[in-house]
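# What the coordinates show
Here are the chains, one letter per residue:
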Amino acid sequence: MPLSNSQRRYLRGLAHDLKPVILVGAKGVTEALIQEFGLALDHHELVKVRIPAEDREDFAAQAAKLAEASGAETVQTIGRTAVFFRRNAEKPVIALPR
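Notes on the structure follow. (Residues numbered from 1 in each chain as written. Predicted model: local features only at pLDDT ≥ 70, side-chain atom pairs only at ≥ 80, totals over all residues. Heavy atoms only, no water.)

This part takes up the environment of Asn88. Looking at the secondary structure, you find Asn88 in the segment after β4 (81–85). For the pair Asn88 and Glu45, spaced 43 residues apart in sequence, the C-alpha separation works out to 6.4 Å. In contact with Asn88, other than residues within four places in its own chain, are Asp42 and Glu45. For Asn88, the side chain forms a polar contact with the main-chain nitrogen of Glu90, separated by 3.0 Å. (Helix = DSSP H or I, 4+ residues; strand = E, 2+ residues; numbered from the N terminus. Contact = heavy atoms within 4.5 Å. Polar contact = N/O pair within 3.5 Å; in protein donor to acceptor, adjacent residues only side chain to side chain.)

The four strands are arranged β1-β2-β4-β3 in an open sheet whose pairing can be described as mixed. The open sheet has two edge strands with one neighbour each: β1 (22–23) and β3 (73–78). The sheet strands contacting helix α3 (residues 56–70) are β2 (46–50), β3 and β4, and the helix crosses β4 at an angle near 20°. (Pairing = 2+ DSSP bridges. Axes fitted to C-alpha atoms, helices over the stretch in contact; angles between N-to-C directions.)

On to α3. When the terminal C-alpha atoms of α3 are compared, their 21 Å separation across 15 residues agrees well with the 21 Å that a helix rising 1.5 Å per residue should span. Phe59, Gln62, Ala63, Leu66, Ala67 and Ser70 are the residues of α3 that are buried. Buried residues in α3, looked at end-on, bunch into an arc of 135°, giving them a common side. Among the exposed residues of α3, those pointing more than 90 degrees away from its buried face are Glu57 and Glu68. Where the residues of α3 are buried, they touch α2 (31–44), β2, β3 and β4. Trailing α3 by a residue or two, Gly71 shows a phi angle of about 75°, which is positive. (Expected span 1.5 Å × (residues − 1). Buried < 20%, exposed > 50% of the residue type's maximum accessible area, 1.4 Å probe, protein only. Arc of directions from axis to C-beta.)

Enumeration over the complete set of coordinates arrives at one aromatic pair. Relative to Phe84, the ring of Phe37 has its centre 5.2 Å away and its plane inclined at 80°; by these criteria the two rings are edge-to-face. Here Phe37 is found in helix α2, whereas its partner Phe84 is found in strand β4, with 47 residues between them in sequence. Across the pair, Phe84 and Phe37 agree in class, each one buried. (Phe/Tyr/Trp six-rings, centres within 6.5 Å; stacked < 30°, edge-to-face > 60°.)

Below, the structure is given as structure tokens:
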């Protein structure tokens, strides 16, 4: 489900005060990290991830790999931090505006 501009703006506001929950290590995006990321998304729905990449292309590739592997939407990227959103189908936590 693609997010509208107003939904992205709302989620960016919610993510402002969040601390990064997932920290990508030197090995990059691994299967274990993807599993933990999925669990964090199931629990929180909105997750901030810190990706210490060498350059912008590497950062973008790792962020895209995380989003694709987990089925999450990228809300925003700033510096080396990315914010992802995936609705919990069973118990939604965040009510999105239309």
